[in-house]
There are 2 protein chains.
Amino acid sequence: MLERAVIIGDGQMALVTADAIAERGMAVRVWSPFKEDAAALARSRLSPRLKDFHITEAVEITGEDAAAFSDVTLVVNAIPTQFIRSVWQRLGEHLPAGVPIISVSKGIENKTLLRPTQVIAEIVGEDHPLCVLSGPTIAAELAQRMPATMVAASADLQLGRRVQDLLNVPWLRIYTNDDLLGVELAGATKNVIALAAGMIDGLGAGDNAKSALLARGLAEIARLGAALGARLDTFFGIAGVGDLATTCFSPEGRNRTCGERLGRGEKLQDILAESSSVVEGVPTTQSVVELAERHGVDMPITRAVHAILFEDMSPRDAITELMSREMKVEQIG
Amino acid sequence: MLERAVIIGDGQMALVTADAIAERGMAVRVWSPFKEDAAALARSRLSPRLKDFHITEAVEITGEDAAAFSDVTLVVNAIPTQFIRSVWQRLGEHLPAGVPIISVSKGIENKTLLRPTQVIAEIVGEDHPLCVLSGPTIAAELAQRMPATMVAASADLQLGRRVQDLLNVPWLRIYTNDDLLGVELAGATKNVIALAAGMIDGLGAGDNAKSALLARGLAEIARLGAALGARLDTFFGIAGVGDLATTCFSPEGRNRTCGERLGRGEKLQDILAESSSVVEGVPTTQSVVELAERHGVDMPITRAVHAILFEDMSPRDAITELMSREMKVEQIG
C-alpha cells in the first residue's frame, strides 16, 4: 500500500529513515520540535550532524504540530528517550485515531523505567498498533546508503510487513520479529555495554578484553530481558548482538565515544556539555540499574558503568575489578 | 597442584600460552616440529610473528619427540588443524598413558570433518581426558599481556579446573564449561564468518553490514552446532560470540585480513603464498560446507564464502546476493 509517514524528530535516525522512505517512493514528512530548526532544515536540506548528507526535496519538513499529522498512515517516533513524554504530551491531541506508531528510540525512561513504546502508549492510549524498528544502524553509514539490516518488531505481524515494505530500498534488509519487548529492551541496554566498551578503548585494554565484555554484556542484558518476559533469542539476533557489535566497535558510535573519553580520564559533565547529540546510554544506565534491582537480576557490567558515571569510580579500577572477580562456570541467560 | 606442561606447536598461541604458564610458576616446555626452528627459538627467544615478544628462559624449548613428554602432567595441542593428524601420528608413541590433552586449535579436518580433539583421540586412543581452550585471544595482545578471557571446556570438570589454575595469571580470566563440542565447533566456524567480515571491510561496506553479518553468521554457526548436539548457549558465550567479535573486528586477525584482501580483489593463492601463518578459515570453510550438507543445515554465509574461495564468485556479487535474499522473519538457532 502507499503510505504517508511522519517522522517525529529531526535527529540523525529521523533523517536517514526519511531518506529511505522517500527513495522507496512513499510520502514522508519530518517534524522538528523547534520551528526555527524546521525552517533551517527546509532551507539548507543539510544536517549539522551528518556530513555530506543532503535531504531530498521529496521530504517535507515541518515544525507545525497539527499539520504534522495531516493524512498520515504511519507515525515514526525518533525522539531521544528522556524527551518522549513531553513531546507526546504536546502532540498527542493531534494524532489521528488508530494510526500505527513505529519507534526507533533506544533507551528507558528514568524513574518510570518505561520503554519508549510504553511511554507513548501511556500518553496516546492503547488503540495505536505499535512497532519497534531497531538494529545495527550507525546513521553516518545509512546517510551514505551503505547496506544495513533492521528488525521490525510488533505483535501485529501485518504492521511488521508494512514497515518492511515502507523501507524496501536496495541498501536495507528488514526482518520481522514478534518480540517487541525484547527488541526494544536490547536496543536500550546495548548502549550501556557500549559505554563500557568505549572505556576499554580509552584504557587501551585491547580487542580481546572488549570482545569478552561484549559477550558478558550480552549475557547480562539477555538475562534482564528474560526476567522481563522477552525472548532470549532476540538478544542473539540482529537487534541484539548485531546492534551491540556495531555500537561497541564502530568509531562513530556516540555511546562508545563517550565511554572512550571517560576511559581516557575526562569528566562526564565535560563530555556531555560538548556533545551536540544526546548520549542515550547515560540516563539509560540509571534506569537499567533500577530495573535489574527490581527484578533481582545480576548485571555486574551495568553496575560498573553506573559506578563510573555517577559514583566517581575510575574506569581502570572498575575494569580491573570485573576482570578479577572470582573465576567461575560460564553462565548465559 | 604443580603441573609440568608441554605445548605441541611453536606458533603464536603456543608461545603466548607458554608465557602465561611460566608466569604462573608452572614448568612448561614448547615442542617445535622442526629441530632447526626449536634451536633458533631457544637461542633468540624471539618469534618472527610476535613483535616485541620475548620468551622467558623459564620456558624450555625442544625439537625432540621423546624428550618433549618427559615427566609431563598436561599436554597442550597447538598445531594448525590440517596438520594435527600427521604430527600426532609421529608423536603418539611417546605420549604417557592417561595424560590429559588440552587443545587450542580452531578448525575442522578436511575430508574426515573431525574436530581437533576427535582427530587426536582417533590417533592416541580414548584414555586421555580432553579439554578445549578457546576464546577471544588475538595473540598479539596476549603477547603484551593485555587482559583476555577464555573458556576451558571439558566433560571432566576437574580437568577444566586444572586448566583454570594452570593459567591463573592477572591478565587471564578462565571460565569452565562442559560443552566441549560446542566450544570447539564455535572456535572453528567463527573463522569462516571472519573471512566474510574481512570481505565486507575490503569492499568498504561498513560496520552496519559487518555487524549484521556477525549476527546472521552467529545464527548459522549456532544452528549447525545445535544440529551436531552442541548447546546453543555456548555460541552466545565468550568462546562463541566473544571470539567471533574479536575475529571480525580486530585488525590483527589473520582470517579477517585474508578476507579483506579478497574483498579488495586479490587472489586467494597470492594471499596464501605470502602468508607466513596458516589461515585456518580457508580449509575449514570446505569442511563446514560439507558438515552443513550432511546435517541438512542452511548456512548461506558459509556457502557464499565457499563460492568466493573456491568457485570464483566475486565478493561483491556474493554480498549483494546475501543482502537481497527474500526478506523474511528473523530465525535464530
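Above: the structure in question.
Residues numbered from 1 in each chain as written. Chains lettered and ligands numbered in written order. Predicted model: local features only at pLDDT ≥ 70, side-chain atom pairs only at ≥ 80, totals over all residues. Heavy atoms only, no water.

Engineer: What exactly am I supposed to notice about the layout of surface pockets here?
Structural biologist: To find leftover empty space, a probe the size of one water molecule is rolled over the atoms. All names here are of chain A. Counted as a void, the second largest pocket has a volume near 1200 Å³. Looking at the second largest pocket, it is lined by 44 residues, and the ones nearest its centre are Gln 12, Arg 49, Arg 254, Ser 277 and Val 278. Contributing elements (two or more residues each) for the lining of the second largest pocket: α1 (12–24), α6 (139–143), α8 (180–203), α11 (238–249), α12 (254–263) and α13 (268–274). Classifying every residue of the lining of the second largest pocket by side-chain character gives 18 nonpolar, 15 polar and eleven charged. (1 Å grid on protein atoms, 1.4 Å probe; cavity = no way out; pocket = protein on both sides within 12 Å on 5 of 7 lines; lining within 4 Å. Points joined across faces, edges and corners; volume = space filled by probe spheres on them. Helix = DSSP H or I, 4+ residues; strand = E, 2+ residues; numbered from the N terminus. Nonpolar A, V, L, I, M, F, W, Y, C, P; charged D, E, K, R; others polar.)

Engineer: Would you take a moment to explain the packing of aromatic side chains for this structure?
Structural biologist: Each pair of aromatic rings is reported with the distance of its centres and the angle of its planes. As enumerated under the stated definition, the model contains four aromatic pairs over all chains in all. Plain terms: the ring middles of Phe 236 of chain A and Phe 236 of chain B are 3.8 Å apart, the flat faces sit at 5° to each other, and that makes the pair stacked. Here Phe 236 of chain B lies in the loop between α10 (232–235) and α11 (238–249) and Phe 236 of chain A lies in the loop between α10 (232–235) and α11, a pairing that spans two chains. Aromatic pair Phe 69 of chain B and Trp 88 of chain B: ring centres 6.3 Å apart, planes at 50°, arrangement tilted. Residue Phe 69 of chain B is located in the loop between α3 (65–68) and β6 (74–77), and its partner Trp 88 of chain B is located in helix α4 (residues 84–91); the two are separated by 19 residues in the primary sequence. Its end group placed over the ring of Phe 249 of chain A, Lys 210 of chain A keeps NZ or CZ at 4.3 Å from the ring centre. (Phe/Tyr/Trp six-rings, centres within 6.5 Å; stacked < 30°, edge-to-face > 60°. Lys NZ or Arg CZ within 6 Å of the ring centre and 35° of its normal.)

Engineer: Even after reading the chapter, I still don't get the interface of chain B and chain A, so can you show me in this structure?
Structural biologist: The figure often quoted for interface size is the accessible area lost as the parts come together. Each partner contributes to the interface: chain B provides 51 residues, whereas chain A provides 51 residues. Summed over both partners, the interface of chain B with chain A buries about 4400 Å², with 59% contributed by carbon and sulfur atoms. One can count zero salt bridges joining chain B with chain A. Remark: the boundary between chain B and chain A carries 15 residue pairs in polar contact (both at pLDDT 80 or more). Of all elements in the fold, only α6 (139–143), β9 (148–153), β10 (172–177), α9 (207–228), α11 and α16 (315–324) of chain B reach the threshold of two or more residues within the side of chain B that touches chain A. The leading source of residues in the side of chain B that touches chain A is α9 of chain B, at nine residues. The class makeup of the residues in the side of chain B that touches chain A is 27 nonpolar, 15 polar and nine charged. (Contact = heavy atoms within 4.5 Å. Buried area = accessible area lost by both parts, 1.4 Å probe. Salt bridge = Lys/Arg side-chain N within 4 Å of Asp/Glu carboxyl O. Polar contact = N/O pair within 3.5 Å; in protein donor to acceptor, adjacent residues only side chain to side chain.)

Engineer: What am I meant to see in the sheet that holds β10 of chain B here?
Structural biologist: Residues and elements named next belong to chain B. The eight strands lie next to each other as β5-β2-β1-β6-β7-β8-β9-β10, forming an open sheet whose pairing is mixed. Edge positions in the sheet fall to β5 (59–62) and β10, since each of these pairs with one other strand and no more. Neighbour-to-neighbour, the strand axes of the sheet open up by a mean angle of 25°, direction not taken into account. Across the sheet, helix α1 (residues 12–24) lies against β1 (4–8), β2 (27–31), β5 and β10, angled at about 165° from β2, the strand it touches most. (Pairing = 2+ DSSP bridges. Axes fitted to C-alpha atoms, helices over the stretch in contact; angles between N-to-C directions.)

Engineer: Please clarify how the relation of the copies chain B and chain A should be interpreted in this entry.
Structural biologist: One copy of the chain maps onto the other through a rotation about an axis plus a displacement along that axis. Mapping chain B onto chain A is achieved by rotating through 180° and translating by 0.0 Å along the same axis, at an RMSD of 0.0 Å. The two molecules are tied by a two-fold rotation axis, judged by turn and shift. When the interface residues of chain B are mapped onto chain A, 100% of them again lie at the interface, so the same face is used by both copies. (Least-squares fit on C-alpha atoms with pLDDT ≥ 70 in both.)

Engineer: Which parts of the structure should I look at to understand the packing of helix α9 (residues 207–228) of chain A against α11 of chain B?
Structural biologist: For any two helices packed against each other, the geometry is given by the interaxial angle and the distance between the axes. Look at α9 of chain A against α11 of chain B: their axes get within 8 Å of each other, and the N-to-C directions meet at 140°. Taken together, the axes of α9 of chain A and α11 of chain B lie oblique to each other. In terms of crossing hand, the pair formed by α9 of chain A and α11 of chain B is right-handed. Across the interface between the two elements, Asp 207, Asn 208, Ser 211, Leu 214, Ala 215, Arg 216 and Leu 218 of chain A from α9 of chain A touch Ile 238, Val 241, Gly 242, Ala 245, Thr 246 and Phe 249 of chain B from α11 of chain B. For the contact of α9 of chain A with α11 of chain B, the per-class residue count stands at seven nonpolar, four polar and two charged. (Parallel < 35°, antiparallel > 145°, perpendicular 65-115°, else oblique. Left-handed = near helix turned anticlockwise from the far one by under 90°.)

Engineer: Looking at this model, I keep getting lost on the pattern of salt bridges. Mind explaining?
Structural biologist: Note on pairing: side chains with opposite charge can pair once their charged atoms come close. Tallied over the entire structure, the rule returns 42 salt bridges over all chains. For Glu 260 of chain A, the salt bridge is made with Arg 256 of chain A, and the minimal N-O distance between the two is 2.8 Å. Placement of the pair is Glu 260 of chain A and Arg 256 of chain A together in helix α12, with a separation of four residues, close to one helical turn. Like Glu 260 of chain A, the residue Arg 256 of chain A is buried in the burial classification. A salt bridge links Asp 298 of chain B to Arg 303 of chain B, with the nearest nitrogen and oxygen atoms 2.8 Å apart. (Buried < 20%, exposed > 50% of the residue type's maximum accessible area, 1.4 Å probe, protein only.)

Engineer: Is there a simple way to explain the sheet that holds strand β5 (residues 59–62) of chain A in this structure?
Structural biologist: Sheet strands associate in pairs through backbone hydrogen bonding, adopting either a parallel or an antiparallel arrangement. Residue and element names in this part refer to chain A. Pairing in this open sheet of eight strands is mixed, and the strands run β5-β2-β1-β6-β7-β8-β9-β10 from one edge to the other. Of all strands in the sheet, those with a lone pairing partner are β5 and β10 (172–177), marking the two edges. For this sheet, the mean inter-axis angle between neighbouring strands, taken without regard to orientation, is 25°. In terms of strand pairing, strand β1 (residues 4–8) meets strand β2 (residues 27–31) through five bridges, oriented parallel. Counted as the bridge partner of Ala 5 is Val 28 from β2. Relative to β2, α1 is tilted by about 165°, and along the sheet it contacts β1, β2, β5 and β10.

Engineer: Hey, could you run me through the pairing of strand β8 (residues 130–134) of chain B in this one?
Structural biologist: Where a strand is regular, its side chains alternate between the two sheet faces. Residue and element names in this part refer to chain B. Among the five residues that make up β8, four are buried, leaving the element largely enclosed by the rest of the structure. The pairing of strand β7 (residues 101–103) with β8 spans three bridges and is classified as parallel. The partner of Ile 102 across the bridge, within β8, is Cys 131. In this fold, the crossover linking β7 to β8 by way of helix α5 (residues 116–124) has right-handed handedness. Sheet topology places β8 next to β9; three bridges connect them, and they run antiparallel. Looking at β9, one finds that Val 132 is bridged to Ala 153. (Right-handed = clockwise from strand over helix to strand, strands pointing away.)

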